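# Structural features, examined
One letter stands for each residue in the lines below.
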Amino acid sequence: MSLLLQYVKPYWKKATLAALSVVTMALAALIQPQFLSKIMEAIINDDNQVVLTNGAFLLGLALIGMVAGISGTYFSSRVSQSVAADIRAAEYEKIQSFSLEQVQSYTSANLVVRLTNDVNQIQQLVMQILQSVLRVPILLVGAIVLSIWTIPSLWWVVLLMIVLIIASSGRIFSIMGKSFQKIQNLIDQNNTLAQENLAGVRVVKSFNQQANEEKGFSDNTQELTDVNQKIGYLFNLMFPIFMLISYAAIMMALLMISGSVVKHPEQLAKITPFITYLNQILMGLMMMGMISTITSRGFVSLKRIGAVLAEKTDDKVKPERDSLATTSDEKKAGSDEFLTQGLSVSNLDFAYQDADENTLTDISFDLAAGQTLGVVGSTGSGKSTLALVLARLYQASRGQVEVDGVDINKINSKEWRNGVSIVMQKPVLFSGSIRKNLQMGKDDATDEELNAAVEAAQAADFVNQYPDGLDHEISERSANLSGGQKQRLSLARALVKKPRLLILDDSTSALDARSEKRVQDILEADYGQTTKVIIAEKIASIIHADQILVLDEGRVVGQGSHKELLKSSSLYQEIFESQKGKEQKHD
Ligand SMILES: Nc1ncnc2c1ncn2[C@@H]1O[C@H](COP(=O)(O)OP(=O)(O)OP(=O)(O)O)[C@@H](O)[C@H]1O
């Protein structure tokens, strides 16, 4: 709740206007029946003047109620939309600062639901609170007091109706509350299924899995429909039950006073407001039930969003270094002062969250600035994991990674990001122009710099074929690019900023041997100052590296130059022998 108040606070003026409007509307609704009563009394007494005066008041009140209703809805929807937008932005910003482990532990589909559906629930929650939290109690208490005040002898009819409605609605609303919780979980699942299926649409089609995927999705959708239908049935059931109870109460009231109407005809004037108040009590109770279910659903969402916002973005990975940002750090960012001595890794261990064993164990190496480290090893040996730890996307569980003798966790993040580029094994590009994607590497890169990077990454041939060149649009999930094109553009993005540390995770695997050789030559000639970590399946890609690490089950089992390893590492020899034939064919 304090979270909600924090976000509503900036809009307190509009929230107050909404609350005042709503209170006015409730008071107008409560006073109206009194004028109606006076009009009826005047009709019985044949007093036209009183009929007209009270009629005018009644109309005036109705008008005030209408204006208050409109302004109440206007202000509460403005506040609820603004609060939802602010929460969404704060949540998005928080998720952006999440570590890879945090994203993995929530799952991306779940985070999408928390950003969309949960925020919508909160919008409704704020709307409901502003619209009903004052109105319902005023309407309910006011209608109970005024109904008894209008015909005191019928107090027990009022009480009986309240008891009957609460008894019948309590059960219905409690079933609804549980169903809303279930809906939330099903929407989470639905989103995961849809996301996975769409991301892997090619695999689904190639393995002819449409029918299975459709079944999984339709089972989930069916369950969602069933729960929604159940809520619909309950709503449909609720209204007739409540109407029945209220009409029974009205009938009872009419019966009770029918005997005295002949003696006291003015009683007839009181029955109309009495019935109106009974209806208002009914409405108030129904609204109370609805609010409790809608708000309980909203509070579930609030809790889910609160959990995201309360997440600590790994202190060691981000904020502390941001706070170290000084003017000199900012100046240093991306400058030639970064990584001038070397990269040093000592006794590094790493384990994925919830994993029983280390993925990397006791990794150590020293690399002088400007040198190249090659990393080879069998599948699953931890090469990509090492790349991610070196890029500071994961945090080592033991040991240290140092740049120029400084623990990388102590380096200002801006400086780090400007100095380091990683090209992931699976290239990821975003929908938008090629230019926009490449400028992620350097916001203010000129066309000249972009073209140089495109050239270096061997992407110029196909980029120049597009009539709109760098402005060519990449579609969602870069579906309009081939694997090799994606890889080249990811490489270009990493090269744009001329990084001081470049980490390539199997980033030239989709390039033909000639293009790969050209990339290697350019890296050597134009990126001589850049320290490089190159992970490769093919030994040919790292044969000239100053130092090569051979990984096996997360441990270094060989270390040295190509020549040294051919003598010292049996695994390296084995890999080399197995690739020799293929390389000769390439050459
Ligand atoms: N996000 C993750 N969560 C948990 N375990 C992971 C995660 N990523 C990788 N692993 C595990 O860590 C081990 C090393 O994976 P990694 O991707 O680093 O190997 P690799 O040497 O790059 O393999 P490849 O050559 O196939 O790309 C594997 O056993 C893998 O299952």
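Residues numbered from 1 in each chain as written. Predicted model: local features only at pLDDT ≥ 70, side-chain atom pairs only at ≥ 80, totals over all residues. Heavy atoms only, no water.

### Quick word on the overall build of the protein
Tallying secondary structure elements over the protein gives 22 helices and 12 strands in all. Taken over 587 residues, the protein has a buried fraction of 46%. Restricting the contact set of the protein to residue pairs at least 6 apart, pairs at least 24 apart contribute 77%. Taken as a whole, the protein presents about 29900 Å² of accessible surface, with 58% of it coming from carbon and sulfur. (Helix = DSSP H or I, 4+ residues; strand = E, 2+ residues; numbered from the N terminus. Buried < 20%, exposed > 50% of the residue type's maximum accessible area, 1.4 Å probe, protein only. Contact = heavy atoms within 4.5 Å. Areas by Shrake-Rupley, 256 points an atom, 1.4 Å probe, with all protein chains shown as cover.)

### Structural notes on the side chain of Arg114
With respect to the helices and strands, Arg114 occurs in helix H5 (residues 108-115). Buried charged residue Arg114 carries no salt bridge. Nearest counter-charge: Asp118, at 5.0 Å. A polar contact is formed between the side chain of Arg114 and the backbone oxygen of Arg304, at a distance of 2.9 Å. The residues contacting Arg114, other than those within four sequence positions of it, are Glu91, Tyr106, Val119, Arg304, Ile305, Ala307 and Val308. (Lys, Arg positive; Asp, Glu negative; His and termini not counted. Salt bridge = Lys/Arg side-chain N within 4 Å of Asp/Glu carboxyl O. Polar contact = N/O pair within 3.5 Å; in protein donor to acceptor, adjacent residues only side chain to side chain.)

### Here we look at the UniProt feature "transmembrane region" (unreviewed entry) in the protein
As annotated by UniProt and renumbered to match this structure, "transmembrane region" (unreviewed entry) occupies residues 52-75, 132-149, 155-173, 233-257 and 277-295. Annotated as 89% helix and 0% strand, the span residues 132-149 places its first and last C-alpha atoms 25 Å apart. Taken end to end, residues 233-257 is 100% helix and 0% strand, and its two terminal C-alpha atoms sit 37 Å from one another. (UniProt positions renumbered as here; feature names shortened; annotations may be inferred.)

### Comments concerning the nonpolar core
Of all hydrophobic cores here, the largest spans 43 residues; its most connected members are Leu438 and Leu489. Within the residue set of this core, elements represented by two or more residues are helix H16 (434-438), helix H17 (447-456), helix H18 (460-465), helix H19 (483-496), strand E9 (501-505), helix H20 (513-526), strand E11 (547-552) and helix H22 (570-586). What Leu489 contacts, discounting residues up to four positions off in sequence, is Leu429, Ile434, Leu438, Ala459, Phe462, Val463, Ile474 and Leu481. Core analysis: the next-biggest nonpolar cluster, separate from the first, contains 41 residues, Phe180, Ala253, Tyr277 and Ile281 among them. (Core = buried A, V, L, I, M, F, W, Y, C linked by side-chain atoms within 4.5 Å.)

### Overview of unusual backbone geometry
Non-glycine residue Arg392 carries a positive phi angle of around 65°. In this fold, Arg392 is placed in the loop between helix H14 (383-390) and strand E4 (398-403). Unusually for a residue other than glycine, Glu553 sits at a positive phi of about 45°. Along the chain, Glu553 falls in the loop between E11 and strand E12 (555-560). For Glu553, a relative accessible area of 69% puts it in the exposed group.

### Thoughts on a positive patch on the surface
Judged by side-chain charge, Arg171, Lys178, Lys182 and Lys230 come together as a positively charged surface patch. With three residues, helix H8 (residues 155-199) is the largest single contributor of residues to the positive patch. Along the chain, Lys230 falls in helix H10 (residues 210-261). The class for Lys230 is partly exposed, based on a relative accessible area of 41%. (Patch = residues over 30% accessible without salt bridge, like charges linked within 9 Å, V, L, I, M, F, W, Y side chains within 5 Å. Charge placed at Lys NZ, Arg CZ, Asp CG, Glu CD.)

### Some points on the site of the ligand
Taken together, 14 residues lie around the ligand, and Gln104, Lys383, Ser384, Thr385 and Gln425 are the ones closest in. Within the backbone of Ser381, an N or O atom sits 3.1 Å from an oxygen atom of the ligand. Ser384 is positioned such that a nitrogen or oxygen atom in its side chain is 2.8 Å from an oxygen atom of the ligand. Along the lines of polarity and charge, the residues of the shell around the ligand split into two nonpolar, 10 polar and two charged. (Near = heavy atom within 4 Å. Nonpolar A, V, L, I, M, F, W, Y, C, P; charged D, E, K, R; others polar.)

### Points about the side chain of Gln487
Mapped onto the elements of the fold, Gln487 is located in helix H19. Residue class for Gln487 comes out buried when judged on its relative accessible area of 4%. At a separation of 2.7 Å, a polar atom in the side chain of Gln487 contacts the main-chain amide nitrogen of Ala510. Excluding anything up to four places from it in sequence, Gln487 contacts Pro427, Asp506, Ser507, Thr508, Ser509, Ala510 and Leu511.

### Re the pairing of E12
For E11 and E12, the ladder comprises five bridges, and the chain directions are antiparallel. Opposite Leu551, over in E12, you have Val556 as the bridge partner. Between E11 and E12, which follow one another and run antiparallel, lie two residues, and Glu553 among them has a positive phi close to 45°. (Pairing = 2+ DSSP bridges.)

### Brief notes about the sheet that holds E11
Backbone hydrogen bonds hold the strands of a sheet together, and the pairing may be parallel or antiparallel. Spatially, six strands are ordered E6-E9-E10-E3-E11-E12 in an open sheet, and the strand pairing comes out mixed. In this open sheet, the two strands that pair with only one neighbour each are strand E6 (420-423) and E12. Each strand axis lies, on average, 15° off the axis of its neighbour in the sheet, ignoring direction. (Axes fitted to C-alpha atoms, helices over the stretch in contact; angles between N-to-C directions.)

### Considering the packing of aromatic side chains
If you walk through the whole model with that rule in mind, you get eight aromatic pairs. Where Phe350 meets Tyr394, the ring centres are 5.2 Å apart and the plane angle is 45°; that geometry is what we call tilted. With Phe350 in strand E1 (residues 342-350) and Tyr394 in the loop between H14 and E4, this pair connects stretches of sequence that are 44 residues apart. A residue is classified by how much of its surface remains accessible, and Tyr394, at 7% relative accessible area, is buried. Ring pairs connect the aromatic residues Phe350, Tyr352 and Tyr394, which therefore count as one cluster. One cation-aromatic arrangement involves Lys38 over Phe35; the distance from NZ or CZ to the ring centre is 5.6 Å. (Phe/Tyr/Trp six-rings, centres within 6.5 Å; stacked < 30°, edge-to-face > 60°. Lys NZ or Arg CZ within 6 Å of the ring centre and 35° of its normal.)

### Some remarks on the pattern of salt bridges
All chains considered together, the criterion is met by 11 salt bridges. Where Arg398 meets Asp362, a salt bridge forms, and the shortest distance between an N and an O atom there is 3.1 Å. Pair noted here: Arg398 is in strand E4 and Asp362 is in strand E2 (residues 360-368), with a separation of 36 residues, a long-range link. Note on Arg398: relative accessible area 40%, which makes it partly exposed. Given a relative accessible area of 37%, Asp362 falls into the partly exposed group. Asp471 is the partner of Arg435 in a salt bridge, and the nearest nitrogen-oxygen pair spans 3.1 Å. Highlighted residues: Arg435 in helix H16 and Asp471 in the loop between H18 and strand E8 (473-474), separated in sequence by 36 residues.

### What about the confidence of the model for the protein?
Averaged over all residues, the pLDDT of the protein equals 86, while 95% of them reach at least 70. Low pLDDT, under 50, characterises residues 315-331; the stretch is placed with 28 contacts to residues that sit more than four places away or in other chains. As a predicted assembly, this complex carries a pTM of 0.68 together with an ipTM value of 0.96. (pLDDT = per-residue confidence, 0-100.)

### Some points on the sheet that holds E4
An order of E2-E1-E4-E5 is seen for the four strands of this open sheet, with the pairing classed as antiparallel. In this open sheet, the two strands that pair with only one neighbour each are E2 and strand E5 (406-407). The strands touched by H14 within the sheet are E1, E2 and E4, with E2 carrying the most contacts at an inclination of about 60°.

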